Amino acid sequence: KSHHQPRVPADLGYYDLRDVDVQRKQVELARQYGLGGFCFYFYWFHGIRLLETPLLQYLENPDLDLPFCLCWANENWTRTWDGLDSHMLIGQEHSEQDDLAFIEYLSNYIRDPRYISVDGKPLLLVYRPSLLPNPARTAKRWRRWCRENGVGEIYLAYPQSFESVDPAEFGFDAAIEFPPNNTGPDIVTHQVKDLPLGYKGYVYDWTSIANRSEAYAEPDYTLFRGVNPSWDNTARRPDSGAVFVGTTPGRYQRWLENAIEDTKDRFEEPSERLVFINAWNEWAEGAYLEPDAENGYAYLQATRNAVENAVRGSRVAQQEDRKIILVAHDALAHGAQYLMLHTARCLRTYFNFHVDLVVLGDGILIDEFKKWAVVHSLAGFDHQGAEAKALARELHNLGHKSAICNTTVSGLFLETLTNEEIECISLVHELSNIIKQYNLGPHVKSISENAKKVVFAAEQVMKPFNEMAAIPEDRIVIRFQGNYKKNRFAGRRTTARKQLRAKLGIPHESRIVLGVGFGDHRKGVDLFVKAAQSLCVENPDYFFVWVGHWDWGMQQKVSRLLRNHKCSDQVLFPGRQDDTDLFYAGADVFALTSREDPFPTTVMEALDVGVPVIGFEGAGGSENLLNEGCGLLVPHEDVSELSLAIDTLLGDESLAKKLGEKGALLVRERFSFLHYIYDLLALAGKPQFKVSVILPNYNYEAYLKERIDSILNQTYPIYELIVLDDASTDGSVKVIEDLLSDTEIPWSCIVNDENSGSVFKQWEKGAELAKGDLIWVCEADDIAEDDLLTGLVPFFNDERMVMAYCQSKQIDEKGKLIEQDYLKYTDDVCSDHWRTDFVSEGEDEIRNTMCVKNCVPNVSAVIASRSEFLDTLGKCKNKLTELKIAGDWLVYTELLRRGKVAFKSQALNSHRRHTSSVTINSAHNNKHFEEILYMQRL
């Protein structure tokens, strides 16, 4: 069913390409996910041009700054989309005059500075040059016209949709693979069950094409590689279309990685390193990267992964450089400053970075900053003056190359750092009124001119900033920081409700509306109080609680509002609180009364504990989130509607619960602070390997605490933890949830309704869910030393590394040591091999050791490339259903064929051996022997 048309779009919706804003979104997506340009089809029929509006818009809007080139779709246009003469709508009329008219008109595009060139020559594609009466003469005419009319030399290429001949036969420079066309895929129609009645088309095996990239044939002419994410043109040919099965984002990523590697090997000239993807948005043919309802952003993410993996070799030096600068505009106890505090904490504790933190002003958080960073103060000094320049020079001399500068206020010092060759990214939170109020225009200009990347909390923050000082699109990132504070009352709201009401001295049955922030005009504390006045008289059980410091002028205004008012006892101001957990978890509704707020952390903290949020339309970046079903929006500054919404939620517990649960889910899935820091480090030129931990479990309740502790205590940061419970009948699930409730590491626990019967199915499921670069499968009864990841992950600085593993201790069911290692087990293969660390080619390891026995005795000791691991499991899937004992041997062997393997001789893993283990049970000896024979023959 997943292969059937119609496909349903996701975020971009059913768009109209005549809307230039749609094109802007496409360009933004393409840039974000690593695409280097677009190749547009151009429709020309003897001077008649069709479907050109999007191209003309692209030409007229230089802000659509993704490079592009054109491909002349020079077939006849027919109702059957086959370029033949039947059912023709408009035909081609080729002639010498048409050749010249064509190239003259096209020069309007190829003269554009965004147009893609190869070695300085504009790149022009012709879809089917063989349809031209004499393609070599046409090519000659085009080249001569371009030389004579100021274009210069051009570069001609054709996609191999129908022909696979040397491009020189057409007078062209290069050919381009165009899968799935002209690839001869395997036909698997007969293997597909329940085909529609009367279906006359074909079903093909997509993997039969993709797998050829594992060993590309060396071309005899200039050939650019092409890849294809999927294909299904039954939208155009319901009864006779072609459908390709076997497509997955992971397999597509592998194909693209192979194409990139082959391209890097064959082309030295950077402009020749072109790989074509078919396609960006061929929805009617099921060939597209744009997000859809089924796969979301998976194919885009796979594209970015492949591109990033291509340059991963450069990470070697970056991993050794664990220094970074943070810049905070002051140390007052407000949201932006807390962001810097928690960023410093996370960098120090999770990533083991040395942090130098520059504070541009004073504040009460200075001592907190000093817990996590070396603090340098520029309070009272000119941010571009002598003291600032001296500090920047000192930081440069200490070896710093990167800085994260928080808020627009830091813009001038950002320029000072840039002048000392320190690359800076800027985190912008301020909306336009704040920028104008504090005269930050020069700071905005400095950021736009000097920042390597500008990270905005929301699109609503980016747009007004960009209007003041335009920033190139490739330097703009929209990324909210996530929730940096884990509430200790998460999952215990009943307890929190009781404790909060006791703390405030109000009745246990009271309903609490919470507001948090600096009590000033921008935060709308006056609107908060007016809503209380309209509701509390009629509802004596309603209490409005505002937590935070006061602006003196606003405090006087609020005092006047409440003076002699009947509800004054129901509006409480406990002031600033160091610990706000109880307030968030004990409240019933959070009222975001800000007149202007980029994307306050308070929203995340409320939603994290399941408290629904009410906010104003048009007030800032959280509006989009609330529209996703975790709160309510009311007209801007409309106290009457605000009061009505509060009353609705306080009176409808089921609605409030529904919105709160949705919010908690969104925060957990989308707003990980740890992931935010990963992204900032990558933007700052210090990318970190992302390790996804997969924990399969079945009835191992007794071992889970020790196992999970050994995961959470790793000295190398974990990107995510995915627990897969295979329908345990003991108390495993509750133990897992209790153990993970307080961790800041993003985690999920997926429980099968029925036991899968296969650990390999769980491995594959985990790898499919994982978002990291590397996979660590942790058997639930094993234990790891704290530095297992620290010992193994650095091996992957070698871009060809597919797997690394360490020596393992052997322990019994009670944790008693049986053996210090597995050397006795491997000595009969090679007595010296595993006594020292090594790195070797995987195929050499297969020939020398794995051909005898499985020399990787425990998966818990293994770290693997996620994409390689997932693809390997897919290729081995059928055989793994037969191999009950040697399945892991098969997986390691197939994985090792793909690249290098590393071994660390230190025993950083403890493998628990059970007396009932299938591999040592005499009842399975025959089966064991047969599987060993199979693997040795393999």
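Here we take up the overall build of the protein. A count of helical and extended segments in the protein gives 33 helices and 39 strands. Across its three principal directions, the C-alpha atoms of the protein cover 95 × 80 × 65 Å. By the burial criterion, 56% of the 938 residues in the protein qualify as buried. For the protein, the share of sequence-separated contacts (at least 6 apart) that also reach a separation of at least 24 residues comes to 74%. Total accessible area computed for the protein in this model is approximately 39900 Å², and 49% of it derives from carbon and sulfur atoms. When the 101 basic and 137 acidic side-chain charges of the protein are each reduced to a single mean position, those positions are 2 Å apart.

Let's shift gears to the pairing of strand β35 (residues 801-811). In regular strands, side chains alternate between the two faces of the sheet. Of all 11 residues making up β35, 10 are buried, and the element is well covered by its neighbours. Two elements, β35 and strand β39 (residues 900-912), share 10 bridges in a ladder whose sense is parallel. Paired with K809 across the strands is S910, a residue of β39. Alignment of β35 against strand β38 (residues 862-865), held across three bridges, turns out to be antiparallel. Within the sheet, the bridge partner assigned to A804 lies in β38 and is I863. In this structure, β35 lies alongside strand β36 (residues 817-819), joined through two bridges in antiparallel fashion. Bridge pairing in β36 links I811 to L817. Connecting β35 to the antiparallel partner β36 that follows it, the hairpin turn spans five residues, and G815 within it adopts a positive phi of roughly 90°.

Time to look at the packing of aromatic side chains. Enumeration according to the criterion identifies 50 aromatic pairs in this entry. Ring centres of F42 and F102 lie 6.1 Å apart, and the angle between their planes is 55°; this geometry places the pair in the tilted category. Residue F42 is found in strand β1 (residues 38-45), and its partner F102 is found in helix α3 (residues 96-110); the two are separated by 60 residues along the sequence. With relative accessibility at 1%, the residue F42 sits in the buried group. Residue classification places F102 among the buried positions, given a relative accessible area of 0%. A network of ring pairs unites the aromatic residues Y41, Y43, F45, W77, Y127, F162 and F178 as a single cluster. The ring of Y216 is capped by R225, whose NZ or CZ atom sits 3.8 Å from the centre of that ring.

We now examine helix α14 (residues 441-450). Listed as buried for α14 are H443, V444, S446, I447, S448 and N450. On the buried face of α14, the contacting elements are α12 (411-419), β21 (423-428), α13 (432-437), β22 (453-456) and α15 (459-468).

The next thing to look at is the side chain of D597. You can see D597 is positioned in the loop between β27 (589-592) and α20 (601-608). Here R522 takes part through its side chain, which lies 3.4 Å from a polar atom of the side chain of D597. A distance of 2.8 Å separates the side chain of D597 from the side chain of K523, its partner in a polar contact. Sequence-distant contacts of D597, that is, excluding residues within four places in its chain, are made with L431, R522, K523, L592, A619, G620 and G621.

Moving on: the sheet that holds β21. Taken in spatial order, the seven strands make up an open sheet running β19-β18-β17-β20-β21-β22-β23, and their pairing is parallel. Where the open sheet ends on each side, the last strands, each with one partner, are β19 (374-377) and β23 (476-478). Along the sheet, successive strands turn relative to each other by an average axial angle of 20°, direction set aside. Sheet topology note: the strand β17 (residues 323-328)/strand β18 (residues 354-359) ladder contains six bridges and is parallel. Note on β18: the bridge partner recorded for K323 is H354. Strands in contact with helix α9 (residues 335-349) are β17, β18, β20 (402-406) and β21; relative to β17, the strand with the most contacts, it is inclined by about 165°.

Let us now look at unusual backbone geometry. Note that the residue after P179, namely P180, is joined by a cis bond; omega there is 5°. With respect to the helices, strands and loops of the structure, P180 is situated in the loop between β9 (174-176) and β10 (186-187). A cis amide bond links N278 to the next residue, A279, at an omega of 20°. Tracing the backbone through its elements, the reader meets A279 in the loop between β14 (275-277) and β15 (281-282). Non-glycine residue D119 carries a positive phi angle of around 55°. Among the secondary structure elements, D119 is positioned in the loop between β6 (117-118) and β7 (121-126). For T407, which is not glycine, the phi torsion reads 75° and is therefore positive. Positionally, T407 belongs in the loop between β20 and α12. T407 gets classed as buried once you look at its relative accessible area, which sits at 1%.

A few words on the packing of helix α6 (residues 249-266) against helix α31 (residues 866-880). The contact between α6 and α31 brings their axes to 9 Å, and the two run at 120°. Crossing handedness for the pair α6 and α31: left-handed. The segment α6 lies against α31, with G250, R251, Q253, R254 and E257 engaging R866, S867, E868, L870, D871 and G874. Here the residues of the contact of α6 with α31 are counted per class, giving one nonpolar, four polar and six charged.

The next point concerns the environment of N755. With respect to the helices and strands, N755 occurs in the loop between β32 (747-751) and α27 (759-769). When the C-alpha atoms of N755 and D828 are compared, they prove to be 37 Å apart, with 73 residues separating the residues in sequence. Those residues in contact with N755, other than ones at most four positions away along the chain, are Y698, D726 and A727. For N755, the side chain forms a polar contact with the main-chain oxygen of D726, separated by 2.9 Å. Only 2.8 Å separates the side chain of N755 from the backbone nitrogen of G757, close enough to count as a polar contact.

Within soluble globular proteins, side chains that are nonpolar generally end up buried alongside one another. Within the largest apolar cluster, 77 residues are counted, with the highest numbers of intra-cluster contacts made by F42, L70, L123 and W142. With six residues, α3 is the largest single contributor of residues to this core. When neighbours within four sequence positions are excluded, F42 is seen to be in contact with R49, E52, L55, L70, C71, W72, A73, F102, Y105, L106 and Y109. The next biggest cluster of nonpolar side chains, apart from the first, holds 70 residues, and it includes A331, V355, V691 and C778.

As a further point, take the sheet that holds strand β28 (residues 613-616). Backbone-to-backbone hydrogen bonds join strands into a sheet, with any given pair of strands oriented parallel or antiparallel. Read from one edge of the open sheet, six strands run β26-β25-β24-β27-β28-β29, paired in parallel fashion. Looking at which strands have only one partner, the edges of the open sheet turn out to be β26 (571-572) and β29 (631-634). Judged from the two bridges that link them, strand β24 (residues 511-516) and β27 form a sheet pairing that is parallel. In the strand pairing of β27, V513 is matched with V589. Relative to β24, helix α16 (residues 493-504) is tilted by about 80°, and along the sheet it contacts β24, β25 (542-547) and β26. With respect to the sheet, helix α17 (residues 525-536) is in contact with β24, β25, β26, β27 and β28, its orientation differing from that of β25 by roughly 170°.

Let us now look at the side chain of H911. The residue H911 is located in strand β39 in this model. Since its relative accessible area comes to 13%, H911 is described here as buried.

So, about the pairing of β28. Because side chains alternate across β28, one face comprises the buried residues V613 and G615, and the other comprises I614 and F616, equally buried. By the bridge criterion, three bridges tie β27 to β28 in an arrangement that is parallel. Among the inter-strand pairings, F590 is bridged to a residue of β28, identified as V613. Between the parallel elements β27 and β28, the chain passes through α20 in a crossover that is right-handed.

Here the focus is the confidence of the model for the protein. Predicted coordinates in regions of low pLDDT should not be interpreted in detail. Overall, the predicted model of the protein reaches an average pLDDT of 91, with 97% of residues at or above 70. With pLDDT under 50 throughout, residues 312-320 is counted as low confidence; its partners more than four residues away or in other chains account for 19 contacts.

Definitions and limits used
- Residues numbered from 1 in each chain as written.
- Predicted model: local features only at pLDDT ≥ 70, side-chain atom pairs only at ≥ 80, totals over all residues.
- Heavy atoms only, no water.
- Helix = DSSP H or I, 4+ residues; strand = E, 2+ residues; numbered from the N terminus.
- Buried < 20%, exposed > 50% of the residue type's maximum accessible area, 1.4 Å probe, protein only.
- Contact = heavy atoms within 4.5 Å.
- Areas by Shrake-Rupley, 256 points an atom, 1.4 Å probe, with all protein chains shown as cover.
- Lys, Arg positive; Asp, Glu negative; His and termini not counted.
- Charge placed at Lys NZ, Arg CZ, Asp CG, Glu CD.
- Pairing = 2+ DSSP bridges.
- Phe/Tyr/Trp six-rings, centres within 6.5 Å; stacked < 30°, edge-to-face > 60°.
- Lys NZ or Arg CZ within 6 Å of the ring centre and 35° of its normal.
- Polar contact = N/O pair within 3.5 Å; in protein donor to acceptor, adjacent residues only side chain to side chain.
- Axes fitted to C-alpha atoms, helices over the stretch in contact; angles between N-to-C directions.
- Left-handed = near helix turned anticlockwise from the far one by under 90°.
- Nonpolar A, V, L, I, M, F, W, Y, C, P; charged D, E, K, R; others polar.
- Core = buried A, V, L, I, M, F, W, Y, C linked by side-chain atoms within 4.5 Å.
- Right-handed = clockwise from strand over helix to strand, strands pointing away.
- pLDDT = per-residue confidence, 0-100.

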